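# Structure assessment
So the chains spell out like this:
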2 protein chains.
Amino acid sequence: MDSREVQTEVNSDPNREIHVYHLALDIGGSLAKLVYFTKDGDHFVDGEEGISPRKALETSNGSRNHPVLNGRLNFKKFETSKINDCLDFIKTMKLHLGGSQQHENPGSQPITIKATGGGAYKFADLFKERLGIVLDKEDEMDCLVAGANFLLEVVHREAFTYMGDQKQFVEIDQNDLYPYLLVNIGSGVGMIKVEGDGKFERVSGTSIGGGTFWGLGRLLTQCKSFDELLELSYRGNNRAVDMLVGDIYGGMDYAKIGLSSTAIASSFGKAISDNKEREDYKPEDMARSLLRMISNNIGQISYLNAVRFGLKRIFFGGFFIRRHPFTMDTLSVAVNFWSKGEAQAMFLRHEGFLGAMGAFMRSDKHGLKELLVNQVAQQTPTKFSFAVDKIHGPVDGELNGDESIECSVYAA
Amino acid sequence: MDSREVQTEVNSDPNREIHVYHLALDIGGSLAKLVYFTKDGDHFVDGEEGISPRKALETSNGSRNHPVLNGRLNFKKFETSKINDCLDFIKTMKLHLGGSQQHENPGSQPITIKATGGGAYKFADLFKERLGIVLDKEDEMDCLVAGANFLLEVVHREAFTYMGDQKQFVEIDQNDLYPYLLVNIGSGVGMIKVEGDGKFERVSGTSIGGGTFWGLGRLLTQCKSFDELLELSYRGNNRAVDMLVGDIYGGMDYAKIGLSSTAIASSFGKAISDNKEREDYKPEDMARSLLRMISNNIGQISYLNAVRFGLKRIFFGGFFIRRHPFTMDTLSVAVNFWSKGEAQAMFLRHEGFLGAMGAFMRSDKHGLKELLVNQVAQQTPTKFSFAVDKIHGPVDGELNGDESIECSVYAA
């Protein structure tokens, strides 16, 4: 996305005044993710008006007279290789200035924004020089876990299973959420055993992740974008390049160990033919084989770690998935196959924004606090809660990674 | 290898008369492996002459007057896609006729040869039609385990460790061999928990194996052979295509979770650059990255299975390895890294011939029996033992997959 597009988007609803009060960043190896809060309006509620009924009761704890800000959590992504587009966006939206109409940083106080991911280190100087922003670095794992816990605890219809083209939202019992395995599939893959808020351990990972899909895919197919490669894989057939059990066994199953003739014996194992060159294989078939190889491998290593630590639930996040049906199905089938049905793969609607969401949650939310004090609350609040319910943007349709969810900020 | 080369080899030592008394096959997805016994001479020993001193005592169990045949176990491989070369070799060597000078199958009895691997099914008709051979199919896992157990129990200097360019032979205490994890890396990878002779279970596997290295490697580099690709990888540098932790963290380690700046965050994750095409990456760098990705992944999944079943030793076999230092080092480092030094990777000198060796051991060794009865033994033996000691062929040098080991056949 270049800055022209951003401009278009910002201007697409000229009647809508955008107030940005809070921003956090997660800059990974391939993608930079933003989460920011915008206020649609503010009012002091008596009761549940405009608030998620489910969460209001839990959050207000019986007493319903709390200062409340209604607004949106917004999610946006950029390619890390085009990090300047991200800076342009922040500048254009004046996100770093709290969305005010001031043109430059007015005070002597440097503006601080929570940031996580390797890019928080790599691009620290760039943010300082171009926008006067100091990136306040938060640990990547801390943020991933904080973000996942927040989304799983607070957002309605966040988790779902996906198998055989069936998507099913899962109601998470808050008392039965932990422990779980969090598998974050970014450029590489991190696997974290989560036992509670701030209670976690990185137990494993693999270098065969989203960057491998995109990198190898680009070398093999000449695709120009990750999404184009995903789209391509949808049309392919992996049988043309993978060596199946049936290819080795003359069309038969290897029944004794439960391998059907269509099971993949060797990924890309059929691409060794002397009579064929790269040009003889269809790009879509190679993309399909690659996606299946990587998804299956991640599913298998995830399961092995889940079984090792006695975890029944595996949540997959990270931008590799992109709600792509075949990817989710392959991950689910792999977990199901290797666990003989005992472990279950689950997915998160905001899969790509766990780290950014966590960074957002870990900040002191200064702008929001001030806003609550000035416009809503009678007294300075000591604690914030977010209540999130309705989703804006497509629930089951195509995902472009940019969407928002309605939310309310409570102060107590 | 074409049949002309076979001819050359057979004629290369015209003074050496070759007697072939036994043959077994393992026909996998990529390679067909042969093990056959040739008799160099035969005599009735009183004592230990010509026999491995270590094994003789164990095998003869105190009594040293046993019929003994001295000879060699020979190992040979062909590409499965050129299976006719394998048939030509068998025909030229008259292996299927017991090495006699007869030109065709003389009797009405069909000749039966033990065979394992998927090709034993796939090529059954071909062997019948072209050579009149009936392939007596043995289960692949049964043979792998029987072969590995035989080699580990009987062959001196069969197992070794390899790390940091240090190769070290391991003396296996026969009482402490089991249980172990056998990882067979062929086109695909099988992982077997071995608890004793005939006592085993296939516990895992991965489709990312030797066929993946060769298939993807061929697509990326246009190499003409597996060995050329391996050779190429030796000269490459994976940093050019892999995304390292330092690439994400601006040159820094991610110290909190123990990842150094040179650790691979994402295999092929650097090949996503918009400014570079496939031609801009060196073939050797891609080959190197591929080899490291696959070896590391196999090491990791192996370790996870070893830890799951409480196995301290992991033996790696299969034709993927080919005693390639970098491959062995990567597998060893992966096992060492993930197990925090608790598990150990070991390799087998006859890594590629486990299945063929197992098929050989599982046959009734009719030809050998007859030979012993006719030429050596006074009475029909009821039991055979192989004693194997000295190795012919390069111990530490380049491996071409074809070599022989001296051995003795005992009858009791």
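Procedures and definitions
Residues numbered from 1 in each chain as written. Chains lettered and ligands numbered in written order. Predicted model: local features only at pLDDT ≥ 70, side-chain atom pairs only at ≥ 80, totals over all residues. Helix = DSSP H or I, 4+ residues; strand = E, 2+ residues; numbered from the N terminus. Contact = placed C-beta atoms within 7 Å. Least-squares fit on C-alpha atoms with pLDDT ≥ 70 in both. Nonpolar A, V, L, I, M, F, W, Y, C, P; charged D, E, K, R; others polar. Expected span 1.5 Å × (residues − 1). Buried ≥ 20, exposed ≤ 12 C-beta atoms within 10 Å, placed from the backbone. Pairing = 2+ DSSP bridges. Domains from an automatic or database assignment. Axes fitted to C-alpha atoms, helices over the stretch in contact; angles between N-to-C directions. Parallel < 35°, antiparallel > 145°, perpendicular 65-115°, else oblique. Left-handed = near helix turned anticlockwise from the far one by under 90°.

Now for the overall build of chain A. Across its full length, chain A holds 13 helices and 16 strands. Put simply, 71% of the contacts in chain A that link residues at least 6 apart link residues at least 24 apart.

Both copies of the chain are tied together by a single rotation about an axis and a shift running along it. Between chain A and chain B, the superposition needs a rotation of 180° and an axial shift of 0.0 Å, giving an RMSD of 0.0 Å. Here the transformation between the copies is reduced to the relation of a two-fold axis.

On to the interface of chain A and chain B, then. Taken together, the contact pairs 54 residues of chain A with 53 residues of chain B. Of all the secondary structure elements, the ones that give two or more residues to the side of chain A that touches chain B are α4 (119-122), β10 (199-206), α7 (210-221), α9 (245-248), β12 (264-266) and α10 (283-308) of chain A. Considering each element in turn, the side of chain A that touches chain B owes the most residues, 9 residues, to α10(A). Taken together, the residues of the side of chain A that touches chain B sort by class into 22 nonpolar, 22 polar and 10 charged.

Let's shift gears to helix α7 (residues 210-221) of chain B. If you check α7(B), its first and last C-alpha atoms are 16 Å apart, about what 12 residues at 1.5 Å a residue would give, namely 16 Å. Of all 12 residues that make up α7(B), 12 are buried, and the element is covered over most of its length. Of the surrounding elements, those touching the buried residues of α7(B) are α7, β11 (243-244) and β12 of chain A together with β8 (180-185), α8 (226-235) and α10 (283-308) of chain B. Once α7(B) finishes, Q222(B) follows within two positions and takes phi at roughly 65°, a positive value.

Let's shift gears to the pairing of strand β6 (residues 159-163) of chain A. Relative to strand β14 (residues 344-348) of chain A, β6(A) runs antiparallel, the two being bridged by 2 bridges. Opposite A159(A), over in β14(A), you have L348(A) as the bridge partner.

All names here are of chain A. Domain parsing of chain A yields domain 1 (3-140 + 352-411) and domain 2 (210-241 + 281-348). Across the boundary between the two partners, domain 1 contributes 6 residues, which contact 8 residues of domain 2. Looking at the side of domain 1 that touches domain 2 residue by residue, the class counts come to 3 nonpolar, 3 polar and no charged.

Attention shifts here to the packing of helix α6 (residues 140-154) of chain B against helix α12 (residues 354-362) of chain B. All names here are of chain B. Following both chains from N to C, one finds α6 and α12 inclined at 90°, their axes separated by 6 Å at the closest point. As the angle between them shows, α6 and α12 are arranged roughly perpendicular. Each of E140, D142, C143, L144, V145, A146, G147, A148, F150 and L151 in α6 lies in contact with α12, whose residues at this interface are L354, G355, A356, M357, G358, A359, M361 and R362. Taken together, the residues of the contact of α6 with α12 break down into 12 nonpolar, 3 polar and 3 charged.

Next up on the list: unusual backbone geometry. Residue and element names in this part refer to chain A. The omega angle of the peptide bond from Y178 to P179 is -5°, so this bond is cis rather than trans. Here P179 lies in the loop between β7 (166-169) and β8 (180-185). Phi at R323 is positive, roughly 55°, even though this residue is not glycine. Looking at the element boundaries, R323 is found in the loop between β13 (313-317) and α11 (325-338).

Residue and element names in this part refer to chain B. The mixed open sheet is built from 7 strands, whose spatial order is β7-β6-β14-β13-β8-β9-β10. Looking at which strands have only one partner, the edges of the open sheet turn out to be β7 (166-169) and β10 (199-206). Within the sheet, the average angular offset between the axes of one strand and its neighbour, ignoring direction, is 30°.

Residue and element names in this part refer to chain A. Within the element layout of this structure, F213 appears in helix α7. Residue classification places F213 among the buried positions, given that 28 C-beta atoms sit within 10 Å. Sequence-wise, F213 and L229 are 16 residues apart; in three dimensions their C-alpha atoms are separated by 8.7 Å. The residues contacting F213, other than those within four sequence positions of it, are L290, L291, I294 and F320.

This part covers the sheet that holds β10(A). Residues and elements named next belong to chain A. Strand order across the open sheet formed by 7 strands is β7-β6-β14-β13-β8-β9-β10, with mixed pairing between neighbours. Each of the sheet's edge strands pairs with one partner strand only, and the pair in question is β7 and β10. Ignoring which end each strand starts from, the neighbouring axes of this sheet average 30° apart. Where β13 lies against β14, 4 bridges are found, and the strand directions are parallel. Looking at β14, one finds that F316 is bridged to F347.

Next up on the list: the packing of α10(B) against helix α11 (residues 325-338) of chain B. All names here are of chain B. The interhelical angle for the contact between α10 and α11, taken along N-to-C directions, is 40°, at an axis separation of 8 Å. Comparing the axis directions of α10 and α11 gives the class oblique. As α10 runs across α11, the sense of the crossing is right-handed. Along its contact with α10, which presents L291, R292, S295, N296, I298, G299, Q300, S302 and Y303, the element α11 presents F326, T327, T330, L331, A334, V335 and W338.

This part covers α11(A). Residues that lie three or four places apart on an α-helix share one face, since the helix turns once every 3.6 residues. All names here are of chain A. Spanning 14 residues, α11 covers 20 Å between terminal C-alpha atoms, matching the ideal 20 Å at 1.5 Å per step. Those residues of α11 not exposed but buried are T327, M328, T330, L331, S332, A334, V335 and W338. Turning to α11, the residues buried within the fold contact β6, α10, β13 and β14. Taken from the residues just after α11, K340 is the one with a positive phi, measuring 50°.

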